[in-house]
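Coordinates in review
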Amino acid sequence: MKKMRAFLIGIFIVFCGSAASKAQDVYLSVPESNIFNRTEFTSVPTRVMTNANRTNWDYAFLGLLPTAPTFTSVSGPTFTHSSSSLTLPSSTLLWQLESMGGQLPYTGISGYLPGFQSFSTSAVKWFEPPSISLAGGFNRGNINFTFKIPASQFTANAFRAGNYSMDITQNYNDFTPRNFKTILIIPSSIRWVANSLTKYIEISSLNDYRNTSTRVWDLGNTEIANTVDFNFGAKAASANIQFTSSKGVPGTRNIASIKLGSNGSALTTKALSADFQNFSAANFSVAAGNRNSFTPQLYVSAEDFKNFFFEAGTYTFELNFNASSTDNSINSLQNTAVQLKVLPLSEITIPSSGRNVNFNFNTAAHYTDGQSQMIPNQIMLSNNENFELYVKSDENYFKKGGLQTNINSNILQIGVDGSSVSVPLSKTPQKILFNGAPVLDRGLNVRYTISPAGAQSLVGKENTTYSVNVYYSFTAI
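Just so it is clear, the structure is predicted and the values come from calculations on it, not from any experiment. (Residues numbered from 1 in each chain as written. Predicted model: local features only at pLDDT ≥ 70, side-chain atom pairs only at ≥ 80, totals over all residues. Heavy atoms only, no water.)

Details of the confidence of the model for the protein
Mean pLDDT over the protein: 93, with 95% of residues reaching 70 or higher. Contacts from residues 1-22, a stretch scored under 50 in pLDDT, to residues over four places away or in other chains number zero contacts. (pLDDT = per-residue confidence, 0-100. Contact = heavy atoms within 4.5 Å.)

Encoded structure:
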């Protein structure tokens with residue numbers, strides 16, 4: 001009996017079938033410069049399909065009825081954002097055939113290339129073949145298109161960062177892919193378009209300090225272009241406002257005396273600090289035209305303005321602004337230098353009730369004892385620098401009926417309440433108030449005195465009225 005041998009044979013069947021290939025989607029990256037500057041975007045020639053075999057169009061009925069190649073949107077009339085409810089109309093993107101296998105197809109008899117057009121839920125021809133097949137066809141290879149977004153679309157629509165897509169099908173089986181997505185890629189970006197880099201404020205009237213309303217200064221139009229939602233942050237570069245007096249003396253003021261807000265509801269109003277704060281009343285969203293505009297404003301209460309910004313000189317500080325995406329992945333910074341200049345301001349007023357000071361000599365005591373009068377609040381002073389107050393007369397002698405007499409003006413001594421200094425009146429200015437601090441609308445009680453010796457010098461003078469004019473003036477120190 002023969003011996004049998006067994007052999008194990010492995011049989012392997014490998015399936016290499018041609019499964020449907022993955023669609024070649026069309027990706028179009030739209031630069032932020034086109035979006036923010038609202039300028040037309042035009043792509044480079046972009047491959048949409050490939051053609052490995054064909055050189056002629058489809059024709060029916062004895063080659064006399066050409067089948068035009070078409071695109072049809074199967075996802076609706078709009079481009080849909082990948083992560084929001086935003087859409088873009090189909091008119092946003094225009095396209096036109098650029099080449100087939102390196103050149104445009106033959107136009108021949110009545111064939112032509114349509115102009116730029118947009119996708120539609122109805123079939124749109126992207127080339128009109130010649131009316132007969134003998135008029136010519138096209139080359140094998142890549143089928144390229146040129147895409148563009150008109151400038152008007154950037155003004156009319158909101159382009160949010162992310163992808164907008166539309167599903168497209170085309171009608172030629174030999175062109176691949178048969179179905180594809182057209183995707184607009186919008187970058188994440190924030191850019192300052194308009195902002196005042198400097199703000200100069202000048203105060204030239206004391207009435208600004210008498211006003212009981214809050215002082216408001218706008219910082220000019222601020223415009224920020226964005227493809228993502230953002231918040232508006234702000235801070236001062238320092239906790240102190242730098243001050244230099246009109247005499248060159250340095251000092252500081254607390255930045256918290258100034259608040260930041262806006263002329264509308266865009267910003268909440270808060271006191272400034274050296275730390276960033278979110279001033280947004282709500283997130284600034286991506287709006288049509290991809291821009292947000294508002295006017296930041298500075299506020300100082302009437303009381304703080306009078307207390308902290310009255311002294312003549314220059315007040316300077318810097319504002320740091322930050323447009324930050326809501327997830328803090330993007331920050332766009334901008335600065336504004338603010339200078340508040342307060343001019344030297346001074347004013348002396350004498351109420352009408354205090355314009356005349358009368359000394360009547362009609363008793364013996366008036367001549368022997370002299371006289372003194374205190375005129376309450378006769379002088380109202382305002383000066384935003386340290387100052388000295390002087391008094392003088394227009395002549396060294398009293399006048400009678402407009403004519404000079406021999407009664408010397410120095411018989412009258414003048415001083416202010418609260419000071420022991422009284423000076424004899426003369427044409428030479430005499431100091432009656434020393435080292436006065438900046439003050440607004442301070443009333444001074446003025447003391448007028450004719451001493452016993454001065455009064456006795458009037459004995460024997462004609463009974464009539466004698467007068468002299470008195471002048472008050474400032475000198476800044």
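Considering the sheet that holds strand β18 (residues 222-226)
Reading across from one edge, β15-β18-β25 is the order of the three strands in this open sheet, with antiparallel pairing throughout. Pairing within the sheet leaves two strands with one partner each, and these edge strands are β15 (190-194) and β25 (291-294). The sheet shows a mean angle of 25° between the axes of neighbouring strands, taken without regard to direction. Here β18 pairs with β25 via four bridges, running antiparallel. Bridge assignment links Ile224 to a residue of β25, and that residue is Asn292. (Pairing = 2+ DSSP bridges. Helix = DSSP H or I, 4+ residues; strand = E, 2+ residues; numbered from the N terminus. Axes fitted to C-alpha atoms, helices over the stretch in contact; angles between N-to-C directions.)

Some remarks on the nonpolar core
Counting residues in each nonpolar core, the largest one holds 41 residues, and the members touching the most others are Phe232, Leu260 and Leu298. Looking at this core, the elements with two or more residues in it are β15, β16 (198-203), β19 (230-236), β20 (240-245), β26 (296-300), β27 (313-325) and β28 (331-342). (Core = buried A, V, L, I, M, F, W, Y, C linked by side-chain atoms within 4.5 Å. Buried < 20%, exposed > 50% of the residue type's maximum accessible area, 1.4 Å probe, protein only.)

Focus: the sheet that holds strand β22 (residues 259-262)
Where strands meet in a sheet, backbone hydrogen bonds hold them as pairs that are either parallel or antiparallel. In space, the four strands of this open sheet follow the order β17-β26-β22-β23, with antiparallel pairing throughout. Lying at the two open borders of the sheet, with one neighbouring strand each, are β17 (215-218) and β23 (270-271).

Let's talk about the pairing of β27
For β27, a buried count of 10 out of 13 residues is recorded, marking the element as mostly surrounded by other parts of the structure. In the sheet, β19 pairs with β27 via seven bridges, with the strands oriented antiparallel. Considered in β27, the bridge of Phe232 is made with Ala323. In terms of strand pairing, β20 meets β27 through four bridges, oriented antiparallel. Counted as the bridge partner of Thr244 is Thr314 from β27.

Some thoughts on the side chain of Glu128
Inspection of the secondary structure puts Glu128 in the loop between β10 (124-125) and β11 (141-149). A polar contact is formed between the side chain of Glu128 and the side chain of Lys125, at a distance of 3.1 Å. Those residues within four positions of Glu128 in sequence are excluded, and the remaining contacts are Ser110, Gly111, Tyr112 and Pro114. (Polar contact = N/O pair within 3.5 Å; in protein donor to acceptor, adjacent residues only side chain to side chain.)

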